[in-house]
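Survey of secondary and tertiary structure
What follows is the residue order along each chain.
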Amino acid sequence: MVENKHKVSLKDISIFYGKLHVVKHVSVELPENEITAIIGPSGSGKSTLLRSLNRMNDHINGMRITGEAMIDNQNIYADGVDVVMLRRKVGMVFQRPNPFPKSIYENVAYGPKLQGLRSKAELDIIVENSLRQAALWDEVKDRLHVSGFDLSGGQQQRLCIARSLAVGPEVLLMDEPASALDPAATAKIEELMLLLKRTLTVVVVTHNMQQAARVSDHTAFLLGGELVEYDVTRKIFTTPQDKRTDDYISGKMG
Amino acid sequence: MPYQQKLVTVAGYTVLLLTAAIFLFVAAQAWPFFREQVDLSFFTGDRWLPVSSPPTFQIKGFLVSSLMITTMAIVVGCPLGILSAVSLAELLPRQVSVRLRSVFEMTVGIPSVVFGFLGLTVVAPFVARVFNLNTGLTGFSAGLVLSVMVLPTLVSLADEALRAVPREYAEASYALGATRWQTIWRVIVPAARSGIIAAVLLAMGRAIGETMTVLMVAGGRLTTPGSIFEPMRPITALIAAEVTNAARHSEQYHALFAAGLVLFAITFAVNAIAAAVIVGKKGAA
Ligand SMILES: Nc1ncnc2c1ncn2[C@@H]1O[C@H](COP(=O)(O)OP(=O)(O)O)[C@@H](O)[C@H]1O
Ligand SMILES: [Mg+2]
């Protein structure tokens, strides 16, 4: 198997909230068109690490980051990096589905409209394509103008995915995207992730280990802010090198 | 039911009963007038002649004045109030907002006679000079002063509505590459829309009901104003100015209550719409 080229590469990343050292010297390279899972007990810095990739942590007072975070060999924390452009390239889906209190159509059209797109015909195409990509089109095509809140939780999460896709990202960050969903809706999201990796690089935080094992190609195990182990998912779950990884995946740890 | 809850319930019903009682009282006092008045000239006529014989009571001029001044107060007050609320809720550092809010809450306690006094001595002369008028005591000046007076209501309610918008919406917006400004105007303000509309309506109710300021600043002419730059007398000022001189149970006395009833109906309608908007929002969420 040929290794895909690296899309994201972190070198010695440390993240602080004030004095609190939350992510500790993480270095890792994430291949393009793969799903990388970040697993670890809660509080281990998974979300913080994920959110550093689209600089969502910038909004937090007292946040400080050191090291190098490269996407396509460009340091995203370098001076002069346009955060708006970065976030178009690196989309994000959150733990709880958070559609805007707008129609399904307006939710998906939001990103393109931010960029100044006004043409109804073009917006229509983007909305349809994004909803198709998110495997939601068939369920909503007859009611694009009802509120996004009228959808079920799983559909809302796929709407949020469609909304991210509408701005044409290359990387999609997903922070426990199925943790608020029932098993059937979770299965749909996982199926969708497998489709998305054909065109995107996906990074997913999960503390559901079956999920990581099912969908991801590589897995990173984070504990207390340290990257304990990073490897091909199958190896992490069958022959982990570190005792702590073994303990975690076999349920001996929280 | 615990003791405190009982107390609150009793207090609630007392307020409700009192409001109903006030309404019934006003309606009863207005009734002798409406019984005599068989056409709609009360609303459409321009003659308020309480001491001629026979006396005539027509309130179009006062109604139009109330409308003009309230519109002015809202048209000026709304952008100001909403921008202030956005600044408090979204733009200013949190510590600054907290301080400003408590300063703002104190302004609620400023008696309206103080605003009237400022209107009389500062705003009216200023308006007269700027617009080259004979007198600054006009609907315009009164509306201007009122636009400031409605701010505490408007700002605190709009601020509250904005702060109630879930943080997740803003996060989603930023993650899509929105700027702060775009996030505020395209997501947060629309999400708070019904709360803001309710705030505007309640501010409007406040403006319609304000008495002392308009009595002092609006000028007091009794006929329908041709423009907002003329002296005028809204319904509240009419009642306040005349009710002490009207002999009890005279025609004028009952006519003033009739005007009061109209005012009551308008204020009630505006507040009811505001309440409906608020309840509608809760139902939708
Ligand atoms: N905004 C914040 N300010 C301060 N500390 C935070 C903030 N967000 C998270 N933390 C702390 O950082 C640590 C890692 O949090 P997080 O990245 O959310 O972990 P995970 O996603 O693995 O559960 C936790 O100890 C948490 O309390
Ligand atoms: Mg987390």
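Conventions adopted
Residues numbered from 1 in each chain as written. Chains lettered and ligands numbered in written order. Predicted model: local features only at pLDDT ≥ 70, side-chain atom pairs only at ≥ 80, totals over all residues. Heavy atoms only, no water. Near = heavy atom within 4 Å. Polar contact = N/O pair within 3.5 Å; in protein donor to acceptor, adjacent residues only side chain to side chain. Areas by Shrake-Rupley, 256 points an atom, 1.4 Å probe, with all protein chains shown as cover. Helix = DSSP H or I, 4+ residues; strand = E, 2+ residues; numbered from the N terminus. Nonpolar A, V, L, I, M, F, W, Y, C, P; charged D, E, K, R; others polar. Core = buried A, V, L, I, M, F, W, Y, C linked by side-chain atoms within 4.5 Å. Buried < 20%, exposed > 50% of the residue type's maximum accessible area, 1.4 Å probe, protein only. Contact = heavy atoms within 4.5 Å. 1 Å grid on protein atoms, 1.4 Å probe; cavity = no way out; pocket = protein on both sides within 12 Å on 5 of 7 lines; lining within 4 Å. Points joined across faces, edges and corners; volume = space filled by probe spheres on them. Patch = residues over 30% accessible without salt bridge, like charges linked within 9 Å, V, L, I, M, F, W, Y side chains within 5 Å. Salt bridge = Lys/Arg side-chain N within 4 Å of Asp/Glu carboxyl O. Axes fitted to C-alpha atoms, helices over the stretch in contact; angles between N-to-C directions. Parallel < 35°, antiparallel > 145°, perpendicular 65-115°, else oblique. Left-handed = near helix turned anticlockwise from the far one by under 90°.

1. A look at the site of ligand 1
Residues and elements named next belong to chain A. The full set of residues close to ligand 1 is Tyr17, Val22, Pro41, Ser42, Gly43, Ser44, Gly45, Lys46, Ser47, Thr48 and Ile60. Between ligand 1 and Gly45 there is a distance of 3.1 Å, counted from an oxygen atom to a backbone nitrogen or oxygen. Separating an oxygen atom of ligand 1 from a backbone N or O atom of Lys46 is a distance of 2.9 Å. In the complex, 60% of the free accessible area of ligand 1, which totals 560 Å², lies under the protein chains. The element that contributes the greatest number of residues to the shell around ligand 1 is helix H1 (residues 46-52), accounting for three residues. Each residue belonging to the shell around ligand 1 can be placed in one class, and the counts come to four nonpolar, six polar and one charged.

2. What to know about the nonpolar core
Within soluble globular proteins, side chains that are nonpolar tend to cluster in buried spots. With 79 residues, the main nonpolar core has Leu10, Leu49 and Leu173 of chain A together with Leu162 of chain B as its most contacted residues. Looking at this core element by element, the count peaks at ten residues for helix H3 (residues 60-91) of chain B. Not counting the four nearest positions on each side in its chain, Leu49 of chain A is found in contact with Leu10, Ile13, Ile15, Val23, Val26, Ile38 and Leu222 of chain A. By size, the runner-up hydrophobic cluster in this structure holds 41 residues, among which are Val93, Ala109, Trp137 and Ala185 of chain A.

3. A closer look at the layout of surface pockets
When its volume is computed, the largest pocket comes out at roughly 770 Å³. Together, 23 residues line the largest pocket, and His59 of chain A together with Ala89, Glu90, Arg167 and Arg180 of chain B are the ones closest to its centre. Looking at the lining of the largest pocket, the elements that each hand over two or more residues are H3, helix H4 (94-107), helix H8 (167-175) and helix H9 (180-191) of chain B. Its residues assigned to classes, the lining of the largest pocket comprises ten nonpolar, five polar and eight charged.

4. Here's the deal with the environment of Arg221 of chain B
All names here are of chain B. With respect to the helices and strands, the residue Arg221 is situated in the loop between helix H11 (212-217) and helix H12 (235-242). The spatial distance from the C-alpha of Arg221 to the C-alpha of Pro231 is 5.4 Å, given a sequence separation of ten residues. Non-local contacts of Arg221, meaning those with residues more than four positions away in its chain, are made with Glu230, Pro231, Met232 and Arg233. A polar contact is formed between the side chain of Arg221 and the side chain of Glu230, at a distance of 3.3 Å.

5. Description of a nonpolar patch on the surface
All names here are of chain B. The grouping of Leu83, Leu91, Leu92, Val96, Leu100, Trp181 and Trp185 at the surface amounts to a nonpolar patch, some 590 Å² of accessible area in total. Where the nonpolar patch is concerned, the elements lending two or more residues are H3, H4 and H9. With respect to the helices and strands, the residue Trp185 is situated in helix H9.

6. Looking at the packing of H3 of chain B against helix H10 (residues 193-209) of chain B
Residues and elements named next belong to chain B. Where H3 contacts H10, the axes come no closer than 10 Å and their chain directions differ by 140°. What the angle tells us is that H3 and H10 run oblique. Helix-helix and strand crossings are classified by hand; for H3 and H10 the assignment is right-handed. Of the residues in H10, those in contact with Thr70, Ala73, Ile74, Cys78 and Ile82 of H3 are Ile196, Val200, Ala203, Met204, Ala207 and Ile208. For the contact of H3 with H10, the per-class residue count stands at ten nonpolar, one polar and no charged.

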